[in-house]
Amino acid sequence: MPKTGKNDHARKDELPSTLQRSDQKAQDTFAKTYDSAMESYNNDEERAARAAYASLKHSYEKVGDHWEAKEKRGPSDKRAEQKGPGTSKPTAGGVDANASKKHLLERARELDISGRSRMDKEELVKALQKANDSATRKARGK
């Protein structure tokens, strides 16, 4: 089912819950990329969703239970930097792993992650992923 409606904006009821709690531009970015990918990939929903998230992650990062605009556009992690189909590298789950340690510390403070001042960059990324997943589960009532 298409993610964009007649008004060329995202149909909220068709979006993942984290995007339903995000701004209109994030919703539209995901929806338009998804719809275009569905046409390109012969209605392969899984592949279209991966393409839509990849597009979203270039401009947005996941913060808790929603997506927020990044300070600087670009790939969010090592996997996103790689060109071509399929990769075995893990994703950072919406965390902007390429951001500075200072930025990651600020996000960790916003999400009240304990022990953040003693963490290296890789540990901060993992802690942010865990906090984001927890916030999403809580927002979904699970």
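Relevant structure appears above.
Since the model is a prediction, treat every value here as computed from it, not as a measurement. (Residues numbered from 1 in each chain as written. Predicted model: local features only at pLDDT ≥ 70, side-chain atom pairs only at ≥ 80, totals over all residues. Heavy atoms only, no water.)

> What is the right way to look at the packing of helix α5 (residues 101-110) against helix α6 (residues 121-139) in this model?
Two packed helices can be described by the angle between their axes and the distance between those axes. Relative to each other, α5 and α6 sit at 35 degrees, their axes nearing to 10 Å. Between α5 and α6 lies a crossing whose hand is left-handed. Seen from α5, the contacting residues are Lys101, Leu104, Leu105, Arg107 and Ala108; seen from α6, they are Lys121, Leu124, Val125 and Leu128. (Axes fitted to C-alpha atoms, helices over the stretch in contact; angles between N-to-C directions. Helix = DSSP H or I, 4+ residues; strand = E, 2+ residues; numbered from the N terminus. Left-handed = near helix turned anticlockwise from the far one by under 90°. Contact = heavy atoms within 4.5 Å.)

> I tried to follow the pairing of strand β1 (residues 60-63) on my own but got confused; where do I start?
The side chains of a regular strand alternate between both faces of the sheet. Neither face of β1 is open: one carries Tyr60 and Lys62, the other Glu61 and Val63, and all of them are buried. In the sheet, β1 pairs with strand β2 (residues 66-69) via four bridges, with the strands oriented antiparallel. Bridge pairing in β2 links Val63 to His66. Hairpin geometry of β1 and β2 is characterised by an intervening segment of two residues between the two adjacent antiparallel strands and by a positive phi of about 65 degrees at Gly64. (Buried < 20%, exposed > 50% of the residue type's maximum accessible area, 1.4 Å probe, protein only. Pairing = 2+ DSSP bridges.)

> It is not clear to me how helix α3 (residues 45-59) should be interpreted in this structure. Could you clarify?
Each α-helix winds once per 3.6 residues, and so residues spaced three or four apart point in a common direction. Here α3 spans 22 Å end to end across 15 residues, near enough to the 21 Å set by a 1.5 Å rise per residue. Of all the residues in α3, the buried ones are Ala48, Ala52, Leu56, Lys57 and Ser59. Where α3 begins, the capping side chain belongs to Asp44, and its oxygen is found 3.3 Å from the backbone nitrogen of Glu46. (Expected span 1.5 Å × (residues − 1). Polar contact = N/O pair within 3.5 Å; in protein donor to acceptor, adjacent residues only side chain to side chain.)

> How do you make sense of the environment of Glu71 when you look at a structure like this?
With respect to the secondary-structure elements, Glu71 resides in the loop between β2 and α4 (78-81). The spatial distance from the C-alpha of Glu71 to the C-alpha of Ala99 is 9.0 Å, given a sequence separation of 28 residues.

> Where do I start with the packing of helix α2 (residues 24-40) against α3 in this structure?
Between α2 and α3, the shortest axis-to-axis distance is 8 Å and the interhelical angle comes to 145 degrees. In the packing of α2 onto α3, the handedness of the crossing is right-handed. Contact with α2, carried on its side by Ala26, Thr29, Phe30, Thr33, Tyr34, Ala37 and Met38, involves Glu45, Ala48, Ala49, Ala51, Ala52, Tyr53, Ser55 and Leu56 of α3 and no other residues of that element. When grouped by side-chain class, the residues that make up the contact of α2 with α3 number 11 nonpolar, three polar and one charged. (Nonpolar A, V, L, I, M, F, W, Y, C, P; charged D, E, K, R; others polar.)

> Would you explain the side chain of Gln27 in this entry?
For Gln27, the position within the fold is in helix α2. Overall, the relative accessible area of 1% leaves Gln27 in the buried class. Those residues in contact with Gln27 that lie beyond four places of it in its chain are Ala10, Lys12, Leu15, Leu19, Gln20 and Ser22.

Geometric descriptors of this kind do not, in isolation, establish any biological role.
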